[in-house]
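Residues per chain are reported as follows:
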Amino acid sequence: MISKLLVNKPVFFAKEVFQRYFESFDPSFLFFKGDPETTKSSHLAGAIYLSFLPFFLYGAYKNKPLILLLIVLAVPAAFFAPHFETLTRIPFLIGLTYLTALGTQKAYEKDKRIFSILVAFLFFEILRFFHNYTVHYPWFLAELLNKT
Amino acid sequence: MKFKAGDFLVIILIFTLSAVIRFYKLDDFRCLNWDEASFGYNAYSILQTGKDEYGTSLPMEFKSVGDYKYPFYVYSLVPIIKLWGLSEFSVRFFPSLLGSIAPIFLYFITRKLLQKRVIAFFSALALAISPWHIQFTRAGTEGGIAYTITLAGIYLLLKAVIEKRGSFVLPAIIFFLSLYTYFGERVFIPLILLTTVFVFKKEIIAKGRKLAKTAILTLFLLVPILLSVVSIGQGEKFAKTTIFGYRRPDEYVFELKAQGDSNPTVNIFHSATLENGLSFINHFLNHFSPDFLFVKGPTEDGRQYIWGMGMLYLTDIVLIIFGAAFLYKSKISTKYKKFILFWILVSPITSAITRDPVHARRALALTAPLSIITGAGMYYLILIIGKLKNSFIKILLASVFAASFIYFVAFYFASYYVFTSKRTAVGPSGWQCGYEEVVTATQKYKGSFNKIIIDTSYQGPYIFYLFYEKYPPQKYQRQARLLGNRSDTLGEGGGYDNYEFRAIYWPEDRYLTKTLFIGPPERLPEKDIKSEESQILEKVYPYNNGFLFHIVETF
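So, here is what we can say about the structure in this document. (Residues numbered from 1 in each chain as written. Chains lettered and ligands numbered in written order. Predicted model: local features only at pLDDT ≥ 70, side-chain atom pairs only at ≥ 80, totals over all residues.)

### Looking at the overall build of chain B
- If you tally the helices and strands in chain B, you get 25 helices and 8 strands.
- By the compact-globule yardstick of 24 Å for 555 residues, chain B fits well, its C-alpha radius of gyration being 26 Å.
- Dimensions of chain B, computed from the C-alpha atoms along their principal axes, are close to 85 × 65 × 55 Å.
- Burial status across chain B gives 47% buried among its 555 residues.
- Of all intrachain contacts in chain B linking residues separated by at least 6 positions in sequence, the fraction that spans at least 24 positions is 73%. (Helix = DSSP H or I, 4+ residues; strand = E, 2+ residues; numbered from the N terminus. Rg over C-alpha atoms; globule rule 2.2 N^0.38 Å. Buried ≥ 20, exposed ≤ 12 C-beta atoms within 10 Å, placed from the backbone. Contact = placed C-beta atoms within 7 Å.)

Dropping the structure here:
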């Protein structure tokens, strides 16, 4: 009886929805691994660059009301079955990138040295991403094709 | 803020609640794991002989299965085992007791930082019922013990820094005690000290003379730690646990090159420093993942997670947001706010430098600052709801939140006692159930066989046999040998008397005559036990429509 009260279909469904909702904010998904499906991610990079993080945090700090927008933009992905799915998270990622851009602008105005270091790291990350995308990613895809 | 009768009442209340949660069904619910058995048996060995299981006199590090355990927990168990004997309850009593005390220290820390008794009460309450904290203070983990000691140290340190009369000597001694309890504290304590210096540098500089005494004491107490850091045991522990000791296999670089990398691109894009650095950042951030905190927890490790939830209640997310908003808006000194923020930021570093992507036990330090914010959130939420003019909305919001909170607390306890135990009872990262029963069952056959071979796939059978048989340590010390202890894996006790502990390979082992084999069904499959050469004498510990162990005799 108590078990049924605690674990039942509506509760199970709600938990599944919450899980997918929070996956949008998962650091591993955002900065390191991306979508688990090999055709949608190289698994060698996240959905966005790691160097976005400080700019995003600064942007969110300076534009607090926009965090609400981000919270809303993460909702659609919560209702799709696949975990850490990227396509349904595109609106969320755009919102995140927008806040990052705002943070980048503010960071440039505030401290040009830190800004330059982070931008240099961003360039390195872009190079690393293209290296992985052109050199290693085809191997993963080939492995995937061999398996299927 | 002076100590009042109200504080005393709160302490009694919080301690009673914490103790009831942490002591209820302490010894008969979760099976003992090999770390706990090892702590217990080594303490028993010290009690009987003054030496550890390998015969080392009063060691400052216990070799155990090659993980070189820290001494404080073992030595603190000695009087308890003397009093109540070697049992599961004895092993778990001390961590649970200290775990019950931890919220009291947090109460005083919060009272000092946020200057409000009611927030301090809510924070202590949050820690007392925190699933994360309960998880590691209901079982015999040295991390839970160490963190309570560290909390005491943090409180005394803040007192020393903030109050005019405060002394640094006592917190220094307390911190050193913690350093001898758990590996993680050797990373966390220096970080929290640096945080304190960074935040309260003016106050500390103003106390220059008082610090001289502490500095001398610190140097004196540091010597054994510095010696142990360069010891082989600690070197091994460091190499086995952290990313700094990790050496990439050569095959990894060969594979990169086979895929088209050249030497310069390997050095630029795949250097060990870069990959370890990124791995550190990834692990660090994982501890703030909502998935880990509120939804799933560390599912890879059965001893860490609670089925169906994260390390905190889902409603805590609301409280943490409200708590953060309260701290941002309140007029509390910025220094105190900074201290809490840096406490949160340094807490997962201990875990982030290890190889596991996320580790709840090593990041236990996060529970206290998160509880402070949760407590502030409870206070702020009540304040906001209380200020609403529309009483219908007021009652509705309060009821919805209260109902959700009660649901998640009820779910946690149901999951802890019913759902999780069935899912985490077995396997190397589980609770290692079945050993007590199999040791009891073995006693019937022990005298009838020249050789008894016990499979090691569920890890550490030797220590369970020693523990449950209460085998005389002086006899074991002469036979003790650790096998398979390599730089990347822990070892196994080789055997004693007629016991041999190793992996069973039935296609070959079936030809060993007049031998008793004990192992899981996958090592001793029923279909391969042929009546002309062997028979199953007993099946032990029913689990998942089968049994965890088969006891097989060969003719």
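### Some details on the interface of chain A and chain B
- Taken together, the contacts link 19 residues of chain A with 20 residues of chain B.
- In terms of residues, the side of chain A that touches chain B owes the most to one element, helix H7 (residues 112-147) of chain A, which gives 5 residues.

### Brief notes about the packing of helix H4 (residues 88-114) of chain B against helix H20 (residues 367-387) of chain B
Residues and elements named next belong to chain B.
- Contact pair H4 / H20: the axes reach a minimum separation of 11 Å and the direction vectors enclose 60°. In terms of axis orientation, H4 runs oblique to H20. H4 and H20 meet at a crossing whose hand is right-handed. Packed against H4, whose contacting residues are Leu106, Thr110 and Leu114, the element H20 presents Ala368, Ser371, Ile372, Gly375 and Ala376 at the interface.
- Considered class by class, the residues forming the contact of H4 with H20 number 5 nonpolar, 3 polar and no charged. (Axes fitted to C-alpha atoms, helices over the stretch in contact; angles between N-to-C directions. Parallel < 35°, antiparallel > 145°, perpendicular 65-115°, else oblique. Left-handed = near helix turned anticlockwise from the far one by under 90°. Nonpolar A, V, L, I, M, F, W, Y, C, P; charged D, E, K, R; others polar.)

### Details of the nonpolar core
- Phe105, Ala124 and Leu151 of chain B are the most contacted members of the largest nonpolar core, which has 148 residues in total.
- At 14 residues, H4 of chain B tops the list of elements feeding residues into this core.
- Taken domain by domain, this core gets at least three of its residues from each of domain 1 (5-27 + 87-241 + 287-422) and domain 2 (435-554) of chain B.
- Apart from the residues within four sequence positions on either side, Phe105 of chain B is in contact with Thr148, Leu151, Ala152 and Tyr155 of chain B.
- Within the second largest apolar cluster, 11 residues are counted, among which are Phe52, Tyr58, Phe92 and Leu118 of chain A. (Core = buried A, V, L, I, M, F, W, Y, C linked by C-beta atoms within 7 Å. Domains from an automatic or database assignment.)

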